Every structure is written in structure tokens, then in C-alpha cells.
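A look at the structure
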Amino acid sequence: MTSVLFVVTAADRWTLKDGTVHPSGYWGEELAMPHKIFTAAGWDITVATPGGVAPTLDELSMGRTAGRPAKIREIADYLDSIRSRLDSPVVLADVDESAFDVVFYPGGHGPMEDLAYDPVSGALLTRRVTSGRPLALLCHSPAAALAARADDGSWPFAGYRMTGLSNAEERLNTFGWKAPWYLEDRLKENGADYSKALLPLRPHVVVDRNLYTGQNPFSSERLAERIVADVEGGAS
């Protein structure tokens, strides 16, 4: 059976550049829909967080501006169905990611607060991206890649084609102008070959070698479906 490690933020906030705190966590669609697609494929999923802290759902992701009401209900119902698993994640530091066929990071603003600086996650990502085995980062979660460093101090994701939430999309949030930094900018500064959809809030998935990235919540299903197709079809 194909096994998947979901690495989810443990942060429940995002500290903005003026010192104010925005309640945050993981984005509902970005966890629920890939989890649902992988489960439907018969895959076994393990959820891990820094410290084994139960992850916090960003309530903004379940609001009326996050999508169609029917889609929001589908996401809420699915999250309720896996509540016991989300409430009891394993400790990320105790995980051997090499035991998993796929490693998947959902987004939300939470990763900007914790995973972007987490040495355990950074070391995991360094090992994974250099292993040649599937690794997926969605929306804000490519921020976690910023904590990755090779032994010589270089960034192991440099030169990879990838995407993540764009500057324009971040600024659509009423608090986005207070971001301490923008993900698109940081990825480019570190040497990623960044791309985005022609228009904000459109699905955009990039695959480069074993690295799979999705730009925004609306890329969640397309990203997961691509991973399933490639893994089931024997591609990396």
C-alpha cells in the first residue's frame, strides 16, 4: 500500500510585521481535498506536526470567501470525518520520512510562522528533495523549504521549477500588506525558478523531478490527482 506523510503546521497564528497576530493554522481545502483523494486511491496517510501538536484549522479557510458553499460543506464534512486523526498527530521529530512513498505539506499561513524556521522539517526536506522520491508543497507550505540547507550551506531547492502563493494573491488578504515577507519573493531570492498562473486564484501545478508544488488552494485537487497519477503510473 502506498504510504503518505502529511506534515502539517502546528502554528495557530501568523505574526505580522507590525507585531500584530493574525489567527491562522492550516488551510482546510489544502489538507482535506488531497487527503480525500489519496484515501480514495487506497493510500495510507500519517499526519505529523512539530511537537505532535494538534493542528489548528484556519477559520478563514471555511468562510464564504473561500469557495462555493457546497465545496466548503464538503471540506468541513471531510475534516470532521478524520478529526480523531488530526487531533492525535505523530511527533515530526520521531518520523522517518524515508519509510513513506510520498511526503505532502498542506499550506495555510501557519507554515510562515513555524515550518519556515523549523530545523527538523528543514532537515527532512533536504533529505527528501535529494532522495528523488515524491515531495509535494502546496500554497504557503513551500515556505518550509526555506529552512532546508545542505551540508555546505547551500539551498537544496535552488534551480528547481516551483510555485507557491504569489505576491498578488497574498495582497488580496486584507492583512496581506502587513506580511513580514512574501513567499514568492523569498523563493526567488533563494534561487527557485518560480512561476505562477497568469491570473491570481487560478490552479497552477509545477512538477520538476520529484518536486510537486501547487500555487494556491484552488490547486489542491489538481496537485493531488497529478501525484496519484504519477505514483500509480510508476513515475517519480
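Just above, that's the structure.
To start, this report covers the structure provided alongside it. (Residues numbered from 1 in each chain as written. Predicted model: local features only at pLDDT ≥ 70, side-chain atom pairs only at ≥ 80, totals over all residues. Heavy atoms only, no water.)

**Some details on the packing of aromatic side chains**
Enumeration over the complete set of coordinates arrives at 7 aromatic pairs. Here the aromatic rings of Phe6 and Phe104 are separated by 4.9 Å at their centres, their planes lie at 25 degrees, and the arrangement is stacked. You can see Phe6 sitting in strand E1 (residues 3–7) and its partner Phe104 sitting in strand E6 (residues 102–105), a full 98 residues away along the chain. On the basis of relative accessibility, which here comes to 0%, the residue Phe6 falls in the buried class. Arranged with centres 5.6 Å apart and planes meeting at 85 degrees, the rings of Phe38 and Phe104 form a pair that is edge-to-face. You can see Phe38 sitting in helix H1 (residues 28–40) and its partner Phe104 sitting in strand E6, a full 66 residues away along the chain. Neither residue differs from the other here; Phe38 and Phe104 are each classed as buried. Chaining the aromatic ring pairs together yields one cluster made of Phe6, Phe38, Trp43 and Phe104. Lying over the aromatic face of Tyr182, Arg171 brings its terminal NZ or CZ to 4.7 Å of the ring centre. A cation over an aromatic ring shows up here: Arg209 above the ring of Tyr160, its NZ or CZ 3.7 Å from the ring centre. (Phe/Tyr/Trp six-rings, centres within 6.5 Å; stacked < 30°, edge-to-face > 60°. Helix = DSSP H or I, 4+ residues; strand = E, 2+ residues; numbered from the N terminus. Buried < 20%, exposed > 50% of the residue type's maximum accessible area, 1.4 Å probe, protein only. Lys NZ or Arg CZ within 6 Å of the ring centre and 35° of its normal.)

**Observations concerning the side chain of Glu170**
Within the element layout of this structure, Glu170 appears in helix H6 (residues 167–170). Buried charged residue Glu170 carries no salt bridge. Nearest counter-charge: Arg171, at 9.2 Å. In contact with Glu170, not counting residues within four places along its chain, are Trp14, His109, His140, Leu165, Gly176 and Tyr182. (Lys, Arg positive; Asp, Glu negative; His and termini not counted. Salt bridge = Lys/Arg side-chain N within 4 Å of Asp/Glu carboxyl O. Contact = heavy atoms within 4.5 Å.)

**Details of the nonpolar core**
Tyr105, Leu135, Leu137 and Phe157 are the most contacted members of the largest nonpolar core, which totals 36 residues. Elements represented by at least two residues in this core include exactly E1, E6, helix H5 (119–131), strand E7 (135–138) and helix H7 (183–189). For Leu137, the contacting residues outside a window of four places in its chain are Tyr105, Leu125, Pro142, Ala145, Phe157, Met162, Leu211, Tyr212, Thr213, Gly214 and Leu223. (Core = buried A, V, L, I, M, F, W, Y, C linked by side-chain atoms within 4.5 Å.)

**Regarding a nonpolar patch on the surface**
Together, Leu172, Leu201 and Phe218 make up a nonpolar patch on the protein surface, roughly 260 Å² of accessible area in all. Summarising the element assignment, Leu172 is placed in the loop between H6 and H7. (Patch = residues over 30% accessible without salt bridge, like charges linked within 9 Å, V, L, I, M, F, W, Y side chains within 5 Å. Areas by Shrake-Rupley, 256 points an atom, 1.4 Å probe, with all protein chains shown as cover.)

**Overview of helix H2 (residues 69–81)**
Taking 1.5 Å of rise per residue, the 13 residues of H2 would be expected to cover 18 Å, and the 18 Å separating its terminal C-alpha atoms lies within 8% of that figure. Buried within H2 we find Lys71, Ile72, Ile75, Tyr78 and Leu79. The buried residues of H2 occupy an angular sector of 130 degrees when the element is viewed end-on, so they sit on one face. Among the exposed residues of H2, those pointing more than 90 degrees away from its buried face are Pro69, Arg73, Asp77, Asp80 and Ser81. Those residues of H2 that are buried are in contact with H1, helix H3 (83–86) and helix H8 (220–233). (Expected span 1.5 Å × (residues − 1). Arc of directions from axis to C-beta.)

**Some remarks on the pairing of strand E4 (residues 44–49)**
Two strands pair when backbone bridges link them, and E1 and E4 are joined in this way by 5 bridges, in the parallel orientation. Bridge assignment links Phe6 to a residue of E4, and that residue is Val47. Note: E4 against strand E5 (residues 90–91), 2 bridges, orientation parallel. Looking at E5, one finds that Thr49 is bridged to Val91. (Pairing = 2+ DSSP bridges.)

**Considering the pairing of strand E11 (residues 211–214)**
Residues Leu211 and Thr213 point to one face of E11 and Tyr212 and Gly214 to the other, with burial holding for every one of them. Alignment of E7 against E11, held across 4 bridges, turns out to be parallel. When the sheet's bridge partners are listed, Leu138 is paired in E11 with Gly214. Looking at chain direction, strand E10 (residues 205–208) and E11 are connected through 4 bridges and run antiparallel. What sits directly across from Val206, in E11, is Thr213. Between E10 and E11, which pair antiparallel in sequence order, lie 2 residues; one of them, Arg209, sits at a positive phi of approximately 55 degrees.

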